[in-house]
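Working through the structure, step by step
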Amino acid sequence: MSEQSIDLRETVRQRYAAAAVQVTEGGSACCGPEPVEVDENFGSTLYAADERDTLPAEAVAASLGCGNPTAVAGLREGERVLDLGSGGGIDVLLSARRVGPTGKAYGLDMTEEMLALALANTAKAGATNVEFLKGTIEAIPLPADTIDVVISNCVINLSVDKSAVFAETFRVLRPGGRIGVSDVVADDALTTEQRAERGDYVGCIAGALSFAEYRAGLAAAGFTGIEIVPTHQVADGMHSAIVRATKPITGATDDSCCGVTACCTPSEQPADPSVTAGEAKSAAGCACRN
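The rules behind each value
Residues numbered from 1 in each chain as written. Predicted model: local features only at pLDDT ≥ 70, side-chain atom pairs only at ≥ 80, totals over all residues. Heavy atoms only, no water. Buried < 20%, exposed > 50% of the residue type's maximum accessible area, 1.4 Å probe, protein only. Helix = DSSP H or I, 4+ residues; strand = E, 2+ residues; numbered from the N terminus. Expected span 1.5 Å × (residues − 1). Arc of directions from axis to C-beta. pLDDT = per-residue confidence, 0-100. Contact = heavy atoms within 4.5 Å. Pairing = 2+ DSSP bridges. Axes fitted to C-alpha atoms, helices over the stretch in contact; angles between N-to-C directions. Parallel < 35°, antiparallel > 145°, perpendicular 65-115°, else oblique. Left-handed = near helix turned anticlockwise from the far one by under 90°. Nonpolar A, V, L, I, M, F, W, Y, C, P; charged D, E, K, R; others polar.

Section: helix H4 (residues 90–99)
Side chains three or four residues apart in an α-helix point the same way, a direct result of the helix having 3.6 residues per turn. In terms of burial, H4 is a largely internal element, eight of the 10 residues being buried. Looking at H4, one finds that the buried residues are Ile-90, Asp-91, Val-92, Leu-93, Leu-94, Ser-95, Ala-96 and Val-99. Trailing H4 by a residue or two, Gly-100 shows a phi angle of about 75°, which is positive.

So, helix H5 (residues 112–125)
Its 14 residues give H5 an end-to-end C-alpha distance of 20 Å, which sits within 8% of 20 Å, the value for a rise of 1.5 Å per residue. Along H5, the residues classified as buried are Met-114, Leu-115, Leu-117, Ala-118, Asn-121 and Thr-122. Within H5, the buried residues cover an arc of 160° as seen down the axis, which keeps them to one side. Of the exposed residues in H5, those oriented more than 90 degrees away from the buried face are Leu-119, Ala-123 and Lys-124. Positive backbone phi, approximately 70°, marks Gly-126, located one or two places after H5.

Some remarks on the confidence of the model for the protein chain
When pLDDT is averaged along the protein chain, the result is 77; 63% of the residues meet or exceed 70. Segment residues 27–39: pLDDT under 50, and 25 contacts once partners within four positions in sequence are set aside and those in other chains are kept. Here residues 252–256 is a poorly scored stretch, pLDDT under 50, and it has six contacts once near neighbours within four places are set aside; other chains count.

Some points on the sheet that holds strand E3 (residues 130–134)
If you walk across this open sheet you meet the seven strands as E3-E2-E1-E4-E5-E7-E6, and the pairing is mixed. The strands lining the two open edges of the sheet, one partner per strand, are E3 and strand E6 (224–235). When strand polarity is set aside, the average angle formed by the axes of neighbouring strands in this sheet is 15°. Sheet topology note: the strand E2 (residues 104–109)/E3 ladder contains five bridges and is parallel. What sits directly across from Leu-108, in E3, is Leu-133.

Considering the packing of helix H6 (residues 162–172) against helix H8 (residues 211–221)
When two helices pack together, their arrangement is captured by the angle between the axes and the distance separating the axes. Viewed as axis vectors pointing N to C, H6 and H8 meet at an angle of 45°, and their least axial separation amounts to 9 Å. By the criterion of interaxial angle, the relationship of H6 to H8 is oblique. Viewed along their axes, H6 and H8 form a crossing whose handedness is right-handed. In this structure, H6 contributes Phe-166, Ala-167 and Phe-170 to the contact, and H8 contributes Tyr-214, Gly-217, Leu-218 and Ala-221. Broken down by class, the residue content of the contact of H6 with H8 amounts to six nonpolar, one polar and no charged.

Describing unusual backbone geometry
Backbone geometry follows two general trends: most residues other than glycine have a negative phi, and most peptide bonds adopt the trans configuration. The backbone of Asp-145 shows a phi angle near 60°, a positive value even though the residue is not glycine. Note that Asp-145 resides in the loop between E3 and strand E4 (147–153). On the basis of relative accessibility, which here comes to 19%, the residue Asp-145 falls in the buried class. The phi dihedral of Cys-154 is positive, around 60°, even though this residue is not glycine. With respect to the helices, strands and loops of the structure, Cys-154 is situated in the loop between E4 and H6.

Structure, rendered in structure tokens:
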């Protein structure tokens, strides 16, 4: 990694560490924590009031995202979801509710202060199907083919190596897994310099890919079914967008693989009715989850 990239990552880390400290210190105030200062295009106002009301105040106050990925990811009971750049835990805790006790929500963050805040918020929420991991989104500390859904809220554009993020996201997703991401995306006509004029990395803008670059990056990593839909403008030519894509199921000549039909979906069934779906996949050495 270049010295400039290291400096940019450290700038981002310092900003988010300071935000976590601000929220934590505000927790001792008489009226609860003050939200981190952001404009109307970012933060907890992008979540419905009934969602905010179910969470610890500190999780809401620490929200710095540009959307609400849990509302667009189509999370289902029993799924395993990973939040890239989980911050104070707002999206992890909302995801944990959606996937229920048979599912699990992981949060990944590189900032010690945010991880400490997220753990405290998890304890306050009483969530038991949650786990937070320390690391970078360019090197996800999870095995391959283990996650059903990857979400992220205005974090990928902060990465200094987005190709690595896309490759790592693809690696940890199971075949048939998907992403449901909120991110800042630039108009294709804007140059890198013009994007830089509209903000900085910490403000989620200068590091943003264009729509074409985002599609190309996801496709190069192997994703299919790529959709990038702008939701609102955050600066001139810069948009908050919903990004969806799928890791394809490969190597099948029909709708079956690993000894089951509809492999790795809620409707999967063993091709041999005398065994369970898990037994069939185990016997086939399938990389999908059992």
